[in-house]
Number of protein chains: 2
Amino acid sequence: MTGKLTIVGLGPGAPELMTPAVAEALRDATDFVGYDTYLDRVPQSNPDQRRHSSGNRVEIDRARHALQLATEGRSVAVVSGGDPGVFAMAAAIFEAVETGEECWRGLDIRVEPGVTAVLAASAAVGAPLGGDFCVISLSDNLKSWDLITRRLEAASRGDFVIALYNPTSRARPHQLADAFALLRQWKPAETVVVFVRAAGTPQAEVHISTLADAHTVAADMRTLIIIGAGATRLIDRPDGAPWVYTPRSERGPQ
Amino acid sequence: MTGKLTIVGLGPGAPELMTPAVAEALRDATDFVGYDTYLDRVPQSNPDQRRHSSGNRVEIDRARHALQLATEGRSVAVVSGGDPGVFAMAAAIFEAVETGEECWRGLDIRVEPGVTAVLAASAAVGAPLGGDFCVISLSDNLKSWDLITRRLEAASRGDFVIALYNPTSRARPHQLADAFALLRQWKPAETVVVFVRAAGTPQAEVHISTLADAHTVAADMRTLIIIGAGATRLIDRPDGAPWVYTPRSERGPQ
């Protein structure tokens, strides 16, 4: 009896942003493994489907549990929000495969992509990613603040649009303000900064600011922050917040 | 009579990777505007839906045409592959709004996100994006090679995973080899390099190489290239190509 393991991304939140491929993987699974918040979004297709929920900080234990279930012949769906490859469960699963039991390397493992938060946040305000961009998690649970600083500096020197995931949490309330202070050394004060909370859900909230004022805007773990490149611009609208976009050309709007 | 304009991302190719929100926007549209290759993927929901196809290099003209149609009261779907905000039509539309007729700013414009190629490519090989990453288009149609070089260097200095879109074309056959030569100055020769052609389609093809040998691997405009960070690793499998992943922690697999 051979099991399988599919690592799926539910997308940013709204059911209509989840791909049909992920919906099918969820229908076919015998077991769901994931962080409670994401498991709560998974529909029950039949009464035999089992749920194995866990807290946010135990990714490797959760990964090993999922691999063990697949070894026992179960069809396991490991559930992440957004895309499973972007600050989510896919890396934890492969880490567990590499460091775990030899037989796990022979398992049928698939990854089903999803719409990650930065794409939903970008869509909510226009087209801020129009040029090249970087995606950085501001969490220092698994990497040093020195490395985060080095990456913020490199992204600034390259004039990339910068998307920040996990910008703040109760355990690290000061880092986002520290990051903005660092970025002000390398980027103009008038750089556009966009905050999108709960992007890709009906509760989405947008705030548009500048690097000079960004530290005054409230953010939490559900906020995705996009810091513009030098070329990122606003378009005023007769009603509603301005559009934000980055022209495709280095020479500005054509 | 008020029209509307929805900028949609079809996803990487397989219909099951297109979101239901995009499918609904396509069903509701009266007019489709886009590059022929993408329009060919749009199903006809009713015989009255009109198609306005165009070549690949006329994005601004296409954007203006779409906005004009919406002004005339049509419900226009502007179609891109992948996600519309990543090297696709969303930036062109907002550029046309900013530089075009005043009334375009009052139009009902929405962006519907999609699964962009880097997410499908990552899913095809494991979890190479596990850490922070940069997304760079190698096309110098709209930006200088100097800026591309500067961004490749910045991304290397920051030890980001680097995803390259539009790596090569008939008009610029040498740039990809030039880019690899540049990257070899800043990144180790053994850095993992992944080529995924037609990611997120049934025809997907994967090649895994190193920075030392990457210039010998064939690539075209449908290839997405992922260049690992220092920590990106392979996991050998009993059958099939190795998995590629980047551990979540700076300290390596936990």
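In case you missed it, the structure is sitting above this.
Residues numbered from 1 in each chain as written. Chains lettered and ligands numbered in written order. Predicted model: local features only at pLDDT ≥ 70, side-chain atom pairs only at ≥ 80, totals over all residues. Heavy atoms only, no water.

1. A closer look at the overall build of chain A
And step 1. From N to C terminus, chain A includes 7 helices and 13 strands.
And step 2. A globule of 254 residues ought to have a C-alpha radius of gyration of about 18 Å, and chain A, at 20 Å, matches this closely.
And step 3. Taking the principal axes of the C-alpha coordinates as reference, chain A spans close to 60 × 40 × 35 Å.
And step 4. Here chain A holds 254 residues, and the buried ones make up 58% of them.
And step 5. A separation threshold of at least 6 residues defines the contact pool for chain A, and within that pool the share at least 24 residues apart is 67%.
And step 6. Of the roughly 9800 Å² of accessible surface on chain A, a fraction of 47% belongs to carbon and sulfur atoms.
And step 7. Distance between charge centres in chain A, computed from 25 positive and 30 negative side chains, equals 2 Å. (Helix = DSSP H or I, 4+ residues; strand = E, 2+ residues; numbered from the N terminus. Rg over C-alpha atoms; globule rule 2.2 N^0.38 Å. Buried < 20%, exposed > 50% of the residue type's maximum accessible area, 1.4 Å probe, protein only. Contact = heavy atoms within 4.5 Å. Areas by Shrake-Rupley, 256 points an atom, 1.4 Å probe, with all protein chains shown as cover. Lys, Arg positive; Asp, Glu negative; His and termini not counted. Charge placed at Lys NZ, Arg CZ, Asp CG, Glu CD.)

2. Remarks on the packing of helix α3 (residues 59-71) of chain A against helix α4 (residues 89-99) of chain A
Residues and elements named next belong to chain A.
And step 1. α4 packs onto α3 with a crossing angle of 65° between their chain directions and a minimal axis gap of 8 Å. Put simply, α3 runs roughly perpendicular to α4. You can see that α3 and α4 cross each other, and the crossing is right-handed. Residues Glu-59, Ile-60, Arg-62, Ala-63, Arg-64, Ala-66 and Leu-67 of α3 form the contact with α4, whose participating residues are Met-89, Ala-92, Ile-93, Glu-95, Ala-96, Val-97 and Thr-99. (Axes fitted to C-alpha atoms, helices over the stretch in contact; angles between N-to-C directions. Parallel < 35°, antiparallel > 145°, perpendicular 65-115°, else oblique. Left-handed = near helix turned anticlockwise from the far one by under 90°.)

3. Re the nonpolar core
And step 1. Grouped together as the largest cluster of nonpolar side chains are 46 residues, with contacts concentrated most on Leu-152, Leu-164 and Phe-180 of chain A together with Leu-152, Leu-164 and Phe-180 of chain B.
And step 2. In this structure, Val-118, Ala-163, Val-192 and Ala-199 of chain A belong to the second largest nonpolar core, which totals 42 residues. (Core = buried A, V, L, I, M, F, W, Y, C linked by side-chain atoms within 4.5 Å.)

4. Observations regarding the relation of the copies chain B and chain A
What connects the two chain copies is a rotation about an axis and a shift along it.
And step 1. For the pair chain B and chain A, the best superposition has an RMSD of 0.0 Å and corresponds to a rotation of 180° with a translation of 0.0 Å parallel to the axis. Between the two chains, the operation in question is that of a two-fold axis. Of the C-alpha atoms belonging to chain B, the one lying closest to the rotation axis is found on Cys-134 of chain B, 2.1 Å away.
And step 2. A shared binding surface is used by both copies, with 100% of the interface residues of chain B retained as interface residues in chain A. (Least-squares fit on C-alpha atoms with pLDDT ≥ 70 in both.)

5. Some words on the interface of chain B and chain A
And step 1. Counting residues at the interface gives 75 residues for chain B, matched by 75 residues for chain A.
And step 2. Buried surface at the junction of chain B and chain A, summed over both partners, amounts to about 6300 Å²; 59% is from carbon and sulfur atoms.
And step 3. The interface formed by chain B and chain A contains 12 salt bridges.
And step 4. Ionic pairing is found between Asp-132 of chain B and Lys-143 of chain A, a salt bridge with its closest N-O pair at 2.5 Å.
And step 5. Where chain B meets chain A, there are 32 residue pairs in polar contact (both at pLDDT 80 or more).
And step 6. Of the residues forming the side of chain B that touches chain A, the biggest block, 8 residues, is contributed by helix α4 (residues 89-99) of chain B.
And step 7. Along the lines of polarity and charge, the residues of the side of chain B that touches chain A split into 38 nonpolar, 17 polar and 20 charged. (Buried area = accessible area lost by both parts, 1.4 Å probe. Salt bridge = Lys/Arg side-chain N within 4 Å of Asp/Glu carboxyl O. Polar contact = N/O pair within 3.5 Å; in protein donor to acceptor, adjacent residues only side chain to side chain. Nonpolar A, V, L, I, M, F, W, Y, C, P; charged D, E, K, R; others polar.)

6. A short note on the environment of Asn-166 of chain B
All names here are of chain B.
And step 1. Following the sequence through the fold, Asn-166 ends up in the loop between β8 (161-165) and α7 (175-186).
And step 2. Residues Asn-166 and Thr-223, 57 residues apart in the sequence, show an inter-C-alpha distance of 7.3 Å.
And step 3. Apart from residues no more than four positions distant in its own chain, Asn-166 is found in contact with Phe-87, Ser-137, Leu-138, Ser-139, Arg-172 and Met-221.

7. Here we look at α4 of chain A
And step 1. Extensive coverage of α4 of chain A is indicated by the burial of 10 of its 11 residues.
And step 2. Inspection of α4 of chain A places Met-89, Ala-90, Ala-91, Ala-92, Ile-93, Phe-94, Glu-95, Ala-96, Val-97 and Glu-98 of chain A among the buried residues, and these make up the whole buried set.

8. Focus on the packing of aromatic side chains
And step 1. Evaluation of the coordinates by the stated rule reveals 8 aromatic pairs over all chains.
And step 2. Ring plane angle 50° and centroid distance 4.7 Å describe the contact between Phe-94 of chain A and Trp-243 of chain B, whose orientation is recorded as tilted. Separated into two different chains, Phe-94 of chain A in helix α4 and Trp-243 of chain B in strand β13 (residues 243-245) make up a pair that spans both. The residues Phe-94 of chain A and Trp-243 of chain B share a single accessibility class, namely buried.
And step 3. When the ring centre of Trp-243 of chain A is taken as origin, the NZ or CZ atom of Arg-237 of chain A, which lies over that ring, is 3.9 Å away. (Phe/Tyr/Trp six-rings, centres within 6.5 Å; stacked < 30°, edge-to-face > 60°. Lys NZ or Arg CZ within 6 Å of the ring centre and 35° of its normal.)

9. Brief notes about the pattern of salt bridges
Pairs can form between side chains of opposite charge once their charged atoms are near each other.
And step 1. For the structure on display, the rule yields 20 salt bridges over all chains.
And step 2. With a shortest N-O distance of 2.8 Å, Asp-132 of chain B and Arg-151 of chain A are connected by a salt bridge. A residue pair is termed interchain when its members come from two chains, as with Asp-132 of chain B in the loop between β6 (126-127) and β7 (133-137) and Arg-151 of chain A in helix α6 (residues 145-157).
And step 3. Look at Arg-151 of chain A and you get buried, because its relative accessible area is 6%.
And step 4. Two residues, Glu-98 of chain B and Arg-233 of chain A, come together in a salt bridge whose shortest N-O distance is 2.6 Å. Of this pair, Glu-98 of chain B sits in helix α4 while Arg-233 of chain A sits in strand β12 (residues 233-235), each in a different chain.

10. Some details on the sheet that holds β12 of chain A
Residues and elements named next belong to chain A.
And step 1. Spatially, the 3 strands line up as an open sheet ordered β6-β13-β12, and their pairing is mixed. Here the strands that pair on one side only, and so sit at the sheet edges, are β6 (126-127) and β12.
And step 2. Both β6 and strand β13 (residues 243-245) contribute to a ladder of 2 bridges, which runs parallel. Residue Gly-126 lies in a different strand from β13, and its bridge partner there is Val-244. (Pairing = 2+ DSSP bridges.)

11. As for the sheet that holds strand β1 (residues 4-9) of chain A
Residues and elements named next belong to chain A.
And step 1. One open sheet holds the 5 strands; their spatial order is β3-β2-β4-β1-β5, and the pairing between them is parallel. On the outer flanks of this sheet lie β3 (50-54) and β5 (108-112), each paired with one strand and no other. The average angle at which neighbouring strand axes cross in this sheet is 20°, direction not considered.
And step 2. Strand contacts of helix α1 (residues 20-28): β1, β2 (31-35), β4 (75-80) and β5, with the helix running at about 140° to β1, the strand carrying the most contacts.
And step 3. Contacts from α4 reach β1, β4 and β5 within the one sheet, and its direction differs from that of β1 by about 155°.

12. Focus on the environment of Lys-187 of chain B
Residue and element names in this part refer to chain B.
And step 1. Among the structural elements, Lys-187 can be located in the loop between α7 and β9 (192-197).
And step 2. Residue classification places Lys-187 among the buried positions, given a relative accessible area of 6%.
And step 3. The spatial distance from the C-alpha of Lys-187 to the C-alpha of Ala-229 is 8.4 Å, given a sequence separation of 42 residues.
And step 4. Contacts of Lys-187, omitting those with residues within four sequence positions, involve Ser-156, Asp-159, Phe-160, Leu-211, Ile-227, Gly-228 and Ala-229.
And step 5. Only 3.0 Å separates the side chain of Lys-187 from the backbone oxygen of Gly-228, close enough to count as a polar contact.

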